[in-house]
Amino acid sequence: MTGIPAHRCRRRPPYFHPVPLRPRSDGWTLERQCRFLAALYVTGSVSAAARAAGMSRASAYGLRERAGSEGFAFAWDHVLSAPGTRRSSRPKPDWRKLTIEELFRWVDDGLVQPVVYRGKMVGIRQKPDISALLRLARRGAGLPRKTGAGS
């Protein structure tokens, strides 16, 4: 393979929140989202990455435009930008507008990252979303509120 290696012209996929979707065998599962980002890192082509994930290019762009896909779209842009250039900031959620159910989903699902080794995705790394957990604790979700002066 002649050319510039992927690690010289692109960044590795970062941790991201997977796009929340209904579970379907032929849809964008968590593994397919990670496989797409790993293939995008290796090839630099959206069409080739979508083929590697077993999906179409149009469905990849459709997934990027869905509600709740800000983390996936950031990871996509991050992978395609060259190291040391175009430092885009991670999307900042408006914590006031997040529902408690969505915060619980972020805590349960956590953050994911595809692990790429020698040009192939070998696994999925997961870690908890501590910021969502702290926001949930700050809101006092599920705790009874004390009311009145005598309580």
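Now for a description of the structure that goes with this document. (Residues numbered from 1 in each chain as written. Predicted model: local features only at pLDDT ≥ 70, side-chain atom pairs only at ≥ 80, totals over all residues. Heavy atoms only, no water.)

Scanning the protein chain from N- to C-terminus turns up 7 helices and 2 strands. Walking the protein chain from its N terminus toward its C terminus, one meets helices and strands in the order α-α-α-α-α-α-β-β-α. Looking at the protein chain as a whole, 36% of its 151 residues are labelled buried. Residue pairs at least 24 apart in sequence account for 65% of intrachain contacts in the protein chain once pairs closer than 6 positions are excluded. Within the structure as shown, the protein chain displays about 9700 Å² of accessible surface, and the carbon and sulfur contribution to it stands at 53%. (Helix = DSSP H or I, 4+ residues; strand = E, 2+ residues; numbered from the N terminus. Buried < 20%, exposed > 50% of the residue type's maximum accessible area, 1.4 Å probe, protein only. Contact = heavy atoms within 4.5 Å. Areas by Shrake-Rupley, 256 points an atom, 1.4 Å probe, with all protein chains shown as cover.)

Here the focus is unusual backbone geometry. The bulk of non-glycine residues show a negative phi, and the bulk of peptide bonds are trans. Phi at Arg 118 takes a positive value of approximately 55 degrees, unusual for a residue other than glycine. With respect to the element layout, Arg 118 can be found in the loop between strand E1 (111-117) and strand E2 (120-127). According to the relative accessible area criterion, Arg 118 is exposed, its value standing at 73%.

Here the focus is a nonpolar patch on the surface. On the surface, a cluster of nonpolar side chains totalling about 280 Å² of accessible area is made up of Ile 130, Leu 133 and Leu 134. Looking at the secondary structure, you find Ile 130 in helix H7 (residues 130-139). (Patch = residues over 30% accessible without salt bridge, like charges linked within 9 Å, V, L, I, M, F, W, Y side chains within 5 Å. Salt bridge = Lys/Arg side-chain N within 4 Å of Asp/Glu carboxyl O.)

Turning our attention to the pairing of E2. Here E1 pairs with E2 via 7 bridges, running antiparallel. Of the residues in E2, the one forming a bridge with Leu 111 is Lys 127. In sequence, E1 turns back onto E2 through a hairpin of 2 residues, with Arg 118 there showing a positive phi of about 55 degrees. (Pairing = 2+ DSSP bridges.)

For any two helices packed against each other, one specifies the crossing angle of their axes together with the interaxial distance. Running from N to C, helix H4 (residues 57-65) and helix H5 (residues 70-80) point in directions that differ by 120 degrees, and their axes come no closer than 8 Å. As summarised for this structure, H4 and H5 are arranged oblique, according to the angle between their axes. Taking contact as the criterion, the partners of Ala 60, Tyr 61, Leu 63 and Arg 64 in H4 are, on H5, Phe 72, Ala 73, Trp 76 and Asp 77. Tallied by class, residues from the contact of H4 with H5 come to 6 nonpolar, no polar and 2 charged. (Axes fitted to C-alpha atoms, helices over the stretch in contact; angles between N-to-C directions. Parallel < 35°, antiparallel > 145°, perpendicular 65-115°, else oblique. Nonpolar A, V, L, I, M, F, W, Y, C, P; charged D, E, K, R; others polar.)

Moving on, we come to the side chain of Gln 33. In this structure, Gln 33 sits in helix H2 (residues 30-43). Note on Gln 33: relative accessible area 1%, which makes it buried. Setting aside its immediate chain neighbours within four residues, Gln 33 contacts Phe 16, Pro 18, Val 19, Leu 21, Trp 28, Leu 63 and Phe 72.

This part is about the side chain of Ser 81. Position of Ser 81 relative to the elements: it lies in the loop between H5 and helix H6 (100-109). Classification of Ser 81 by relative accessible area gives buried; the value is 4%.

Here we take up the nonpolar core. Residues Phe 16, Trp 28, Phe 36, Leu 37, Leu 40, Phe 72 and Trp 76 are the most contacted members of the largest nonpolar core, which totals 24 residues. When contributions to this core are tallied by element, the ones reaching two or more residues are H2, helix H3 (46-53), H4, H5 and E1. If you tally residues by element for this core, the top one is H2, at 7 residues. The contact partners of Phe 36, leaving out residues within four places of it in the chain, are Trp 28, Val 46, Ala 49, Ala 50, Ala 53, Ala 60, Phe 72 and Trp 76. Core analysis: the second largest hydrophobic core is formed by 6 residues, Leu 98, Leu 103, Ala 132 and Leu 136 among them. (Core = buried A, V, L, I, M, F, W, Y, C linked by side-chain atoms within 4.5 Å.)

Our focus in this paragraph is the environment of Val 112. On the secondary structure map, Val 112 appears in strand E1. A sequence separation of 79 residues divides Val 112 from Gln 33, and the C-alpha atoms of the two residues are 9.9 Å apart. Filtering out sequence-adjacent residues up to four positions away, Val 112 remains in contact with Pro 14, Tyr 15, Phe 16, Pro 18, Leu 30, Cys 34, Ile 124, Arg 125 and Gln 126.

It is worth stressing that arrangement in space is one thing and function is another; only the former is reported here.
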